[in-house]
Amino acid sequence: MKLLKYKKFAGLHIVCKKCGRHIEVSQTPYNGCVHPLERQKYKAVLKANEGRKTRDLTSLDYDEAIKELLAFKDELSNPFKFITPEPKVEIKPELLKECVMMYTDYLQNIDIPKHLQVIRSNGYVKSTVRYVLNFTDFLQENKVNLNTFKIYDLTDEIVGKYYEHLEPLCKSASTHNHNIKALKNFNSYLIDKKGYLIPNYFKDINLQYENANPISVNDADFIKILNTISNVDSVHVFSNGKRKNMYRPYTRDAIELVAFTGMRIEESMILKYSDIVLDDDGKIHHLIGTDLKFDRAHNWNNSKEPKKVMIPYSKELEALLIRLNYKENLGADKYLIAGDEKILRKTIADQLSDSFTFYKKKAGISSKITLKHMRKTFLTKLHTKTGFVESMGYQRSAKVTLGNYIDKAEVVKKVNEMGFSFFGD
């Protein structure tokens with residue numbers, strides 16, 4: 001693998017614009033990057049104003065890159081220069097692959113004025129770029145030379161062939177739509193933000209209908225899974241021969257906590273003893289959960305109070321908390337699950353999801369349910385037994401809850417049990 005010329009210089013790095021890794025030779029060789037020279041750029045990383053400032057340098061020549069870095073350093077030390085700056089002439093790249101790189105920088109807020117920046121998660125940026133790169137990969141597979149293919153060379157015929165290519169490739173309507181949405185946004189960025197005079201060939205593509213059709217876990221299957229959880233025959237052997245023990249001392253308790261609180265898996269794993277609220281008689285009234293998904297999207301800078309969810313009391317939840325010795329730990333800033341373990345909550349959540357699937361199969365249950373379906377199960381039960389699901393705060397709107405979380409078949413079953421009659425009595 002070829003690298004740009006590199007000599008150690010304070011603040012200078014070489015970054016791969018495809019995978020985002022710093023790959024200069026002073027680090028572990030290439031840091032796992034396998035992408036070609038065309039994806040590399042010099043990057044300045046400097047400390048300024050008790051923070052970290054970065055800039056992708058334009059030159060691919062080492063000496064010129066050093067000059068750019070020093071100019072950037074001088075600019076940071078003198079943010080307001082009392083001279084009339086020369087008007088900056090923006091160069092619009094024409095090659096498709098360079099436009100993709102420019103879009104990647106935009107998503108990461110590189111050289112975007114502070115007031116125009118939009119905070120996006122690393123996961124969102126990586127997945128969006130990956131969806132766009134799926135299109136460039138398709139072009140290469142069809143013998144298109146990306147070193148000469150310009151954004152102006154795009155046609156309806158090419159977009160149509162890519163649409164046909166995606167249809168059998170995407171296993172779900174959601175995956176298909178994610179690919180198309182990313183290209184719609186990429187094309188709109190070039191037109192609306194950068195002023196390219198090009199048609200938006202992706203704009204009028206109709207997205208596939210996503211039928212949520214939520215399903216829940218029936219009581220018999222859930223109990224069967226719980227009763228299967230043990231450290232006996234708990235090792236799963238993967239197709240590559242790797243072995244993994246799917247049992248942990250807290251596996252059953254954790255799965256029950258997900259089921260009896262209706263929170264997402266990771267949200268259940270961050271519940272603490274201090275989140276338990278008692279009533280005036282000293283009995284469990286509710287638990288206070290945190291909507292991580294909402295906060296990550298709408299409260300990324302922690303400028304507001306986290307969105308809380310009032311988790312209602314149930315006999316099953318009380319029995320679980322008693323098993324977890326809540327009375328002895330009441331008010332403690334300690335996790336309900338694996339509170340003494342030095343392990344990331346996200347890691348426990350991922351591990352728990354795999355364990356649920358393992359024990360489901362071990363119990364002989366062939367349905368496609370996963371641990372995520374326990375949230376749908378909880379909300380369906382809450383809806384059919386109380387009718388208060390829309391007002392409990394588990395989702396941002398009743399429309400989302402009713403459309404994506406309520407098992408309609410279970411609702412019909414409950415209506416039948418209640419003895420619904422068209423004319424009443």
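Note that the structure is predicted; figures quoted are calculated from it, not measured.

Participant: I'm lost on the packing of aromatic side chains in this one. Help?
Facilitator: Each aromatic ring pair is described using two quantities: the centre-to-centre distance and the angle formed by the ring planes. Scanning the entire structure with this criterion turns up 11 aromatic pairs. Here the aromatic rings of Tyr103 and Tyr189 are separated by 5.1 Å at their centres, their planes lie at 45°, and the arrangement is tilted. Taken together, the positions of Tyr103 in helix H2 (residues 96–107) and Tyr189 in helix H5 (residues 173–193) put the pair 86 residues apart, joining distant regions of the chain. Here Tyr189 falls in the buried class, since its relative accessible area comes to 6%. Relative to Tyr359, the ring of Phe358 lies with its centre 5.0 Å away and its plane at 80°, an arrangement referred to as edge-to-face. Accessibility expressed as a relative area gives 13% for Phe358, which makes it buried. Judged by its relative accessible area of 0%, Tyr359 falls in the buried class. Members of the aromatic cluster, each reached through a chain of ring pairs, are Tyr103, Tyr106, Phe186 and Tyr189. In this arrangement the basic side chain of Lys272 is found over the ring face of Tyr335, its NZ or CZ atom lying 5.0 Å from the centre.

Participant: Would you mind showing me how to read the pattern of salt bridges here?
Facilitator: Where charged atoms from two side chains of opposite charge approach closely, those side chains can pair. All told, the structure shown has 15 salt bridges when counted by the stated rule. A salt bridge links Glu256 to Arg252; the nearest nitrogen and oxygen atoms lie 2.9 Å apart. A residue pair is termed a helical-turn pair when its members lie 3 or 4 positions apart in one helix, as Glu256 and Arg252 do in helix H7 (residues 251–261) at 4 residues. What makes Glu256 buried here is its relative accessible area of 5%. Residue classification places Arg252 among the partly exposed residues on the basis of a relative accessible area of 32%. Here Asp340 and Lys334 are joined by a salt bridge, their closest N and O atoms 3.5 Å apart.

Participant: Any chance you could explain the environment of Lys244 here in plain terms?
Facilitator: For Lys244, the position within the fold is in strand E5 (residues 243–245). Linking Lys244 and Ser234, residues 10 residues apart in sequence, is a C-alpha distance of 8.4 Å. Beyond its immediate sequence surroundings of up to four residues, Lys244 is in contact with Ser234, Val235, His236, Phe238 and Asp354.

Participant: Even after reading the chapter, I still don't get the sheet that holds strand E3 (residues 51–56), so can you show me in this structure?
Facilitator: Strand pairs in the sheet, formed through backbone hydrogen bonds, run parallel or antiparallel to each other. The 3 strands are arranged E1-E2-E3 in an open sheet whose pairing can be described as antiparallel. Strands at the two margins of the open sheet, each flanked by one partner only, are strand E1 (12–16) and E3. With strand direction ignored, the average angle separating the axes of adjacent strands in the sheet is 35°. The sheet contact formed by strand E2 (residues 40–48) and E3 spans 6 bridges and is antiparallel. Its bridge partner lying in E3, Leu46 is registered against Lys53.

Participant: I keep staring at unusual backbone geometry and nothing clicks. Help me out?
Facilitator: Comment: phi is negative for the bulk of residues other than glycine, and the bulk of peptide bonds are trans. The phi dihedral of Asp111 falls on the positive side, at around 60°, and the residue is not glycine. By the secondary structure assignment, Asp111 is in the loop between H2 and helix H3 (122–141). Positioned with a positive phi, Asp233 is a non-glycine residue whose angle comes to about 50°. Structurally, the position occupied by Asp233 is in the loop between helix H6 (219–228) and strand E4 (235–237).

Participant: I keep staring at helix H13 (residues 373–386) and nothing clicks. Help me out?
Facilitator: Each α-helix turn comprises 3.6 residues. Residues three or four places apart therefore point the same way. Look at H13: 20 Å from first C-alpha to last across 14 residues, which is about the 20 Å you get at 1.5 Å a residue. Residues His373, Met374, Arg375, Lys376, Thr377, Phe378, Leu379, Thr380 and Leu382 constitute the buried set of H13. After H13 finishes, the residue Gly387 shows a positive phi value of roughly 75°.

What counts and what doesn't
Residues numbered from 1 in each chain as written. Predicted model: local features only at pLDDT ≥ 70, side-chain atom pairs only at ≥ 80, totals over all residues. Heavy atoms only, no water. Phe/Tyr/Trp six-rings, centres within 6.5 Å; stacked < 30°, edge-to-face > 60°. Helix = DSSP H or I, 4+ residues; strand = E, 2+ residues; numbered from the N terminus. Buried < 20%, exposed > 50% of the residue type's maximum accessible area, 1.4 Å probe, protein only. Lys NZ or Arg CZ within 6 Å of the ring centre and 35° of its normal. Salt bridge = Lys/Arg side-chain N within 4 Å of Asp/Glu carboxyl O. Contact = heavy atoms within 4.5 Å. Pairing = 2+ DSSP bridges. Axes fitted to C-alpha atoms, helices over the stretch in contact; angles between N-to-C directions. Expected span 1.5 Å × (residues − 1).

None of the figures reported here should be taken as evidence of function without further support.
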